[in-house]
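# Summary of structural features
Take a look at the letters that make up each chain.
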Amino acid sequence: TQLLEQSPQFLSIQEGENLTVYCNSSSVFSSLQWYRQEPGEGPVLLVTVVTGGEVKKLKRLTFQFGDARKDSSLHITAAQPGDTGLYLCAGAGDYKLSFGAGTTVTVRA
Amino acid sequence: DVKVTQSSRYLVKRTGEKVFLECVQDMDHENMFWYRQDPGLGLRLIYFSYDVKMKEKGDIPEGYSVSREKKERFSLILESASTNQTSMYLCASSLIAGGRNEQYFGPGTRLTVT
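Everything in this summary refers to the structure shown in the same document. (Residues numbered from 1 in each chain as written. Chains lettered and ligands numbered in written order. Predicted model: local features only at pLDDT ≥ 70, side-chain atom pairs only at ≥ 80, totals over all residues. Heavy atoms only, no water.)

## Some details on the sheet that holds strand E6 (residues 55–58) of chain A
Residue and element names in this part refer to chain A. Strand order across the open sheet formed by five strands is E1-E3-E8-E7-E6, with antiparallel pairing between neighbours. A single partner strand is all that each edge strand has here, and the edge strands are strand E1 (5–7) and E6. Taking each pair of neighbouring strands and ignoring which way they run, the sheet shows an average axis angle of 15 degrees. (Pairing = 2+ DSSP bridges. Helix = DSSP H or I, 4+ residues; strand = E, 2+ residues; numbered from the N terminus. Axes fitted to C-alpha atoms, helices over the stretch in contact; angles between N-to-C directions.)

See the structure below:
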């Protein structure tokens, strides 16, 4: 059983469309991170959110941390083919991260 | 930039062989981690280490052991490889500051056990 549930599992959209990926848990985390992984490579950290209710923007990506620090969302505006990849959320504990199973995003040109 | 390197990108081993996967980081991070990644299951923690010669079991340590003799190097050992250990293995390192534990990953080793 995953500590963090991500939805949807797969997402395929046309270039220029918007998308949202969700990450939910019953546990409270000290921080939550989003990573993107491309085929054959390791995950790369996109952002860390720490404060409940926090919103962070990274160009066309908007990350939100829930008020109770149990859930998060990633919104991509005007998606581009370069946004294609596996998006992973991870909640931080003492020394460990707990990862969701990931959302595979495909942006078609 | 943090760099985490892994000894091999691809490995093919036979059932029963002893397998060594090595990971090196160049940012003087205290913490290092080994995960395996399987489709639909995400990343699962095998072992981690928060200091030299220290190790802690993760969520799925069975069939694996680790070694950390130097701060920059963390090795994963499969004592007797089995086909259910065919997977992508990812190493990561981190500093823990302010509850963040931001991890930096290597490129992964895709291990096939036949």
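We are not done yet, so read on.
## Concerning the sheet that holds strand E3 (residues 19–25) of chain B
Residue and element names in this part refer to chain B. With antiparallel pairing, the four strands of this open sheet are ordered in space as E1-E3-E8-E7. Of all strands in the sheet, those bounded by a partner on one side alone are strand E1 (4–6) and strand E7 (64–70). Averaged over all pairs of adjacent strands, the angle between strand axes in this sheet comes to 20 degrees, irrespective of strand direction. By the bridge criterion, six bridges tie E3 to strand E8 (residues 73–78) in an arrangement that is antiparallel. The residue bridging Cys-23 from the neighbouring strand is Phe-74, located in E8.

## Details of the side chain of Arg-68 of chain B
Residue and element names in this part refer to chain B. Looking at where Arg-68 falls in the secondary structure, it is placed in strand E7. No salt bridge is formed by the buried Arg-68; its nearest oppositely charged neighbour, Asp-51, is found at 5.9 Å. A distance of 3.2 Å separates the side chain of Arg-68 from the backbone oxygen of His-29, its partner in a polar contact. Looking at Arg-68, its side chain comes within polar contact range of the side chain of Ser-49, at 3.0 Å. Leave out the neighbours within four places in its chain, and Arg-68 touches Gln-25, His-29, Glu-30, Asn-31, Met-32, Ser-49, Tyr-50, Asp-51, Val-52, Lys-53, Arg-73 and Phe-74. (Buried < 20%, exposed > 50% of the residue type's maximum accessible area, 1.4 Å probe, protein only. Lys, Arg positive; Asp, Glu negative; His and termini not counted. Salt bridge = Lys/Arg side-chain N within 4 Å of Asp/Glu carboxyl O. Polar contact = N/O pair within 3.5 Å; in protein donor to acceptor, adjacent residues only side chain to side chain. Contact = heavy atoms within 4.5 Å.)

## Some remarks on the side chain of Ser-49 of chain B
Residues and elements named next belong to chain B. Along the chain, Ser-49 falls in strand E5 (residues 42–49). In this structure Ser-49 comes out as buried when scored by relative accessible area, which is 0%. Only 2.8 Å separates the side chain of Ser-49 from the backbone oxygen of Asp-51, close enough to count as a polar contact. Of note is the side chain of Ser-49, whose polar atom sits 2.6 Å from the backbone oxygen of Met-54.

## A look at the packing of aromatic side chains
Here the structure, examined in full by the defined rule, presents eight aromatic pairs over all chains. Relative to Tyr-35 of chain B, the ring of Phe-99 of chain A lies with its centre 5.5 Å away and its plane at 85 degrees, an arrangement referred to as edge-to-face. Linking Phe-99 of chain A in strand E10 (residues 97–99) with Tyr-35 of chain B in strand E4 (residues 31–38), this pair reaches from one chain into another. Grouping residues by exposure puts Phe-99 of chain A and Tyr-35 of chain B together as buried. Considering the side-chain rings of Phe-33 of chain B and Phe-48 of chain B, the 6.0 Å spacing of their centres and the 20 degrees angle between planes classify their relative orientation as stacked. With Phe-33 of chain B in strand E4 and Phe-48 of chain B in strand E5, this residue pair connects regions lying 15 residues apart in the sequence. Counting every residue linked through ring pairs, the aromatic cluster contains Tyr-35 and Phe-99 of chain A together with Phe-33, Tyr-35, Phe-48 and Phe-105 of chain B. (Phe/Tyr/Trp six-rings, centres within 6.5 Å; stacked < 30°, edge-to-face > 60°.)

## Here we look at the environment of Asp-38 of chain B
Residue and element names in this part refer to chain B. Examined against the element boundaries, Asp-38 turns out to sit in strand E4. Given a relative accessible area of 12%, Asp-38 falls into the buried group. If we skip the residues at most four places from it in the chain, Asp-38 touches Arg-44, Thr-86 and Ser-87. Within the structure, Asp-38 has its side chain in polar contact with the side chain of Arg-44 (distance 2.8 Å).

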